[in-house]
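Descriptive analysis of the structure
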Amino acid sequence: RKSVKDDSTDFHCDVDLSATPPPFPKGQFDRVLLDAPCSALGQRPQFTNSIRAKELASFPRVQRSLFRTAVDHLAPGGILIYSTCTLNHLENEGIVDWAAEQDFMSVLQPVPVSQWTTDTSLLNISSSSCDNNLDKNYAVFGHPSSGDGLFDTIGFFIAKYRKL
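Parameters and conventions
- Residues numbered from 1 in each chain as written.
- Predicted model: local features only at pLDDT ≥ 70, side-chain atom pairs only at ≥ 80, totals over all residues.
- Heavy atoms only, no water.
- Helix = DSSP H or I, 4+ residues; strand = E, 2+ residues; numbered from the N terminus.
- Contact = heavy atoms within 4.5 Å.
- Areas by Shrake-Rupley, 256 points an atom, 1.4 Å probe, with all protein chains shown as cover.
- Core = buried A, V, L, I, M, F, W, Y, C linked by side-chain atoms within 4.5 Å.
- Buried < 20%, exposed > 50% of the residue type's maximum accessible area, 1.4 Å probe, protein only.
- Phe/Tyr/Trp six-rings, centres within 6.5 Å; stacked < 30°, edge-to-face > 60°.
- Salt bridge = Lys/Arg side-chain N within 4 Å of Asp/Glu carboxyl O.
- Polar contact = N/O pair within 3.5 Å; in protein donor to acceptor, adjacent residues only side chain to side chain.

What follows concerns the overall build of the protein chain. Each helix and strand counted, the protein chain has two helices and seven strands in total. The helix and strand sequence of the protein chain, counted from the amino end, reads β-β-β-α-β-α-β-β-β. Long-range pairs, those at least 24 residues apart, make up 64% of the contacts in the protein chain with a sequence separation of at least 6. Accessible surface computed for the protein chain: about 9600 Å², of which carbon and sulfur atoms make up 54%.

The next subject is the nonpolar core. Formed by 22 residues in total, the largest nonpolar core has its most connected members in Phe67, Leu80, Tyr82, Phe104, Leu108 and Tyr161. For this core, the secondary-structure elements that each account for two or more residues are β3 (29–35), α1 (53–73), β4 (74–84), α2 (93–100), β6 (138–141) and β7 (156–163). For this core, the element with the highest residue contribution is α2, accounting for four residues. In this structure Phe104 touches Phe67, Arg68, Val71, Trp98 and Ala99, once residues within four positions along its chain are discounted. If you look at the next biggest cluster of nonpolar residues, it comprises five residues, including Val111, Val113, Trp116 and Phe141.

This part takes up the packing of aromatic side chains. Per the stated rule, a full pass over the model turns up eight aromatic pairs. Where Tyr82 meets Phe157, the ring centres are 6.2 Å apart and the plane angle is 75 degrees; that geometry is what we call edge-to-face. Remark: Phe157 occurs in strand β7 and Tyr82 occurs in strand β4; sequence separation between them is 75 residues. A relative accessible area of 0% means that Tyr82 is categorised as buried. Its relative accessible area of 0% is what places Phe157 among the buried residues. One aromatic cluster is present, formed by Phe67, Tyr82, Trp98, Phe104, Tyr138, Phe157 and Tyr161 through successive ring pairs.

A separate point is the pattern of salt bridges. Between side chains of opposite charge, a pair can form when the charged atoms approach closely. Enumeration over the complete set of coordinates arrives at one salt bridge. Ionic pairing is found between Asp72 and Lys26, a salt bridge with its closest N-O pair at 3.8 Å. In this pair, Asp72 sits in helix α1 while Lys26 sits in the loop between β2 (10–13) and β3, placing the two residues 46 residues apart along the sequence. On the basis of relative accessibility, which here comes to 31%, the residue Asp72 falls in the partly exposed class.

The topology assignment puts Ser39 in the loop between β3 and α1. Look at Ser39 and you get buried, because its relative accessible area is 8%. Of the polar contacts made by the side chain of Ser39, one reaches the side chain of Thr86; its length is 3.0 Å. Polar side-chain contacts of Ser39 include one of 2.5 Å to the side chain of Glu91. For Ser39, the contacting residues outside a window of four places in its chain are Ile51, Leu56, Phe59, Thr86, Asn88 and Glu91.

Below is the structure:
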């Protein structure tokens, strides 16, 4: 049993992961961070991009598969964070929309931004890519920026869920 202490919670895992090689048993993780492979269209500077349409279309398929696996491995009460470093709608909001239509949503609850534990200044981003709707369970950060150097970052996306 491993235990990690942070500011808000003790995290426990009933499986010694160092002794259990992948694939890991389902339903064992209190926290899953799915930093999904993506098109990286939020990276910069990017003066040219050689990505082809077929490759761009392949990312959501992989992300959906990883998302489903992440849900399977999440323990009841566990938190899933889905993130990318792209501003591509299909890889971000498109995955949130897809997830909302899946059977696993009967055990997965979106966590609105208003309930996130974070620096409150991050919730007040004034960017054309973020409409500041705190009822959504996701946020888009980064360029195009408002000109405020504090939020002038690469583009990235975060969504949060809790397993019931």
